[in-house]
Amino acid sequence: MEFGSKYVYAYLDSSEEEVSEEEFSNVYDDCVPEISHDLDSSSSRRKPPKALKSRGACEDDRERCTLSESKELEPVPKIHKWMQMLPSKQSSSKSPAESSSVPPPCVPPLKPRGSRVKKWRRADTNVVAIKFDQLTSPSNMHTGDPVTCTDCKAMLSHISKITKDGENQVWICEYCGTSNPVDLVSEEIPAEADVTYMIEPAPATTASGRSGKDESLVVFCVDVSGSMCVSQEVPGTMRLKGNHSDRFNSLNTHGENQWLHGQRRDVTYVTRLQGLQAAVDSQLQELAKEHPNRRVALVTFNSEVTVVGDGSGIPLTIAGEKLNSEDELMRIGSEVMLPTSIANSRDTLGKQIFDLEEGGQTALGPALLVSTVIACQVPGSKVIICTDGMANTGLGNLDNLVTTEDFEVASVFYQKVSTIAKSKGVSVSILTIAGTECRLVELGRVASQTGGQVNTVDPLKLTQEFGNILADPVIATRVVATFLVHKGLYIRNDASKSSRAVKEVGNVSKGTEITFEYGVRRTSSKSSASTTAAGNSEAAAGVSSSASGSELVQDQLDELPFQVHISYIDLEGAKAVRVLTQTKPITKERKQAEMYMNMPILSTHAIQKSSVMAVEGDYTPSRLNAYMYQRLFYRNVSDLKTMNQYSVYNKRSSSLSNKLLHEQKTEAQSSGLELCDLDVEESEMHTGDTVDAGKTKETGSKMLKLFKNSSTARAKRRMNCPDAVARIAFVNASSSSRAMEDDSDD
């Protein structure tokens, strides 16, 4: 459990920032803030750059920072900008001021007069990240069930206080204040911040596990439809394994010239299928060498689905009405024999791979379901889908969807596949071929929900992508994370605004990371006018203005407790609950919380949150969320380390934000609306954020109509989301702070 800052920021009022119409209509700007050279990269106390404050970019809690560069400043080069911050080697003997090659800071201008604006909650540091890299290496083991609070379900921990009430023991819950009678000896009270409770030991016999051989199953589910014959030029002449040209040349009995006029003879034409065959065969070789006990099965699909298995038996073909029967497909998948080890099947399976030929349509949905059910025989197994086209045959058909109702039918199917995979500890990864459209928004959800990967690749680079997927094994299944905070706080993005949130994570690998964001409950002592205005503001950002629960400030607390419960099943079948408990000091000063921020943790949260919004069709909230965190990081860059972290965040978040802007501009043009009128929310109309008080009734009616249509617009976006947007969103959604740190170090 890692935090976005050393401190809990206990704000009195949730402030907002404005995004002008001009910046909302322009691409995500990548300006570089000025840094002070007298701070080295190892500085532990980061100070907000004085240049920003002195030039008016920040005005206490009501700053108006924009994302566009000042027109008076010369544009900063778009590549290697961070290198300009480094002192020149030739001028190392000079003072920092003389040797600095830092360009002028990109201090953006204030909002132009009369410009329409959008308001959004100002980003803060109240974020917690949960990492799973050490999940299955528990320490401080306890047997039996943990002691839990009868009200909030918090678990007794090393910070809990046991008092005497006569002859009885009482634990006053540090989260909700409930009095819980207990009967414990000192050995039963946790003494460490990290403890694990063994709920159920592993069965006597397991198919795979940490202590035994890795006998997990990998199912390669590959597309052999007609479009897989599309080829591309590769420099040089080469003889490809599995090339069928010899068979075709045998038909040319007279040896006539078969070259077209002007056709190049110094290149080799490689089809998508040939690239796929070479990649799969390479992985079979690698698996046989490094993991000889793993099992590999092959499933192919075009107009039919063919279960090749490990290649030792007769391939099973599924066609006709069976492709539309969920029960029949699940029955067939469950009856497929468990493949033998790759050490025994490598040669036979390799021959089957190179015997594949292209042709027909794309029964991707049925193939995905069958492959998932086959993999469910062994927890921790993987399904790798490789396709270049859209599912257009059988269940999960995504082609020619006319209405949102049609899309929902397909969406329900893919959601069911995700549920089956998660329940059995199977991860599904999706690889699509560059330059194709596959409605990745639905396929990507399956991968995202099962702990798999999503990517779009050149067919000649499939070997590397397969390797990346297989090198990231599942370490635990059926993972559920429960996050608890003090009753003076609440979990953001939770409809109930509760102090307890549960997230079903499913399968996790060592690189899996999730985040939670928490807020401070509103005080009830504010004036009605202030409360109403602030309540409207927070409603726009998804914050409840309810005054229920204890008030942080009134309680005069110095620190607050946080707890995470992670229940999981390891690959040996053992069920356990890991409990992490920490306390954090409180500050009422935003600057103090930001001074000790953890930028990689906050970056990961911001990118994951924006990505989820984008996939759901909430383009404007996604972009505004990214903007708010960009501003938070911008005003806190103070050394080379934080500058590099800031640049990494900008690179990752701008790739998605700019794609969304392009989609919004296209949508605005086709609908005849202004860009700022898209995604109009009811709260914006009520508070006048978008509609000025002087607007006519006709304009107000128009805006109300826009709001009523906003949910329909989001549904259409989900249905028509381009693969370019979906791919970036799903890749970003699996971001981790460790990857952010590694990129910034590079």
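Quick caveat: nothing in here was measured; it's all calculated off a predicted structure.

**Student:** Could you clarify how one ought to interpret the pattern of salt bridges in this entry?
**Tutor:** Pairs may arise between side chains of opposite charge once their charged atoms sit close together. Counted by the stated rule, this structure contains 18 salt bridges. Across the pair arginine 295 and glutamate 215 runs a salt bridge whose closest N-O atoms are separated by 3.3 Å. Residue arginine 295 is located in strand β14 (residues 295-301), and its partner glutamate 215 is located in the loop between β10 (194-200) and β11 (217-223); the two are separated by 80 residues in the primary sequence. Since its relative accessible area comes to 17%, arginine 295 is described here as buried. Residues joined by salt bridges that share partners form a network here, namely Arg121, Asp124, Arg492, Glu517 and Lys609.

**Student:** Any chance you could explain the side chain of arginine 635 here in plain terms?
**Tutor:** Here arginine 635 shows up in the loop between α16 (619-634) and α17 (640-671). Looking at arginine 635, the relative accessible area reads 5%, which means it is buried. A distance of 3.2 Å separates the side chain of arginine 635 from the side chain of glutamate 594, its partner in a polar contact.

**Student:** Looking at this structure, how should I read the nonpolar core?
**Tutor:** For soluble globular proteins, the rule of thumb is that nonpolar side chains tend to be buried together. Core analysis: the biggest nonpolar cluster contains 59 residues, and Val219, Val299, Val305, Ile318, Ile374, Tyr414 and Val428 have the highest contact counts within it. If you tally residues by element for this core, the top one is helix α8 (residues 364-375), at eight residues. Beyond its immediate stretch of four places on either side in the chain, valine 299 contacts Val219, Phe220, Cys221, Val222, Val305, Thr306, Val307, Ala367, Ser371 and Ile374. Counting residues in each nonpolar core, the second largest holds 33 residues, with Ile130, Ile514, Phe562 and Ala576 among its members.

**Student:** In this structure, what is going on with the packing of aromatic side chains? I would like to understand it.
**Tutor:** Working definition: an aromatic ring pair is given by the centre-to-centre distance plus the angle between the planes. On inspection of all chains with the given rule, the structure shows 10 aromatic pairs. Residues phenylalanine 413 and tyrosine 414 carry aromatic rings whose centres are separated by 5.1 Å and whose planes lie at 75 degrees to one another, so their mutual orientation is edge-to-face. There is no split in this pair, since phenylalanine 413 and tyrosine 414 are both buried. On the numbers, 4.9 Å between centres and 85 degrees between planes, the contact of phenylalanine 633 with tyrosine 649 is edge-to-face. You can see phenylalanine 633 sitting in helix α16 and its partner tyrosine 649 sitting in helix α17, a full 16 residues away along the chain. We note that phenylalanine 633, like tyrosine 649, is buried. Taken together, the ring pairs connect Phe3, Phe483, Phe516, Tyr518 and Phe562 into an aromatic cluster. The ring of tyrosine 596 carries lysine 6 above its face, with NZ or CZ at 5.0 Å from the centroid. Against the face of phenylalanine 516 rests lysine 503, its NZ or CZ located 4.8 Å from the ring centre.

**Student:** Looking at this structure, I do not really get the sheet that holds strand β21 (residues 489-491). What am I missing?
**Tutor:** In spatial order, the strands read β1-β5-β23-β21; together these four strands make up an open sheet with antiparallel pairing. Edge positions in the open sheet fall to β1 (2-3) and β21, since each of these has one partner strand only. Where β21 lies against strand β23 (residues 513-520), three bridges are found, and the strand directions are antiparallel. What sits directly across from leucine 489, in β23, is valine 520. Of the strands in this sheet, β1, β5 (127-131) and β23 touch helix α15 (residues 599-615), which is tilted by about 95 degrees from β23.

Thresholds, definitions, all that
Residues numbered from 1 in each chain as written. Predicted model: local features only at pLDDT ≥ 70, side-chain atom pairs only at ≥ 80, totals over all residues. Heavy atoms only, no water. Salt bridge = Lys/Arg side-chain N within 4 Å of Asp/Glu carboxyl O. Helix = DSSP H or I, 4+ residues; strand = E, 2+ residues; numbered from the N terminus. Buried < 20%, exposed > 50% of the residue type's maximum accessible area, 1.4 Å probe, protein only. Polar contact = N/O pair within 3.5 Å; in protein donor to acceptor, adjacent residues only side chain to side chain. Core = buried A, V, L, I, M, F, W, Y, C linked by side-chain atoms within 4.5 Å. Contact = heavy atoms within 4.5 Å. Phe/Tyr/Trp six-rings, centres within 6.5 Å; stacked < 30°, edge-to-face > 60°. Lys NZ or Arg CZ within 6 Å of the ring centre and 35° of its normal. Pairing = 2+ DSSP bridges. Axes fitted to C-alpha atoms, helices over the stretch in contact; angles between N-to-C directions.

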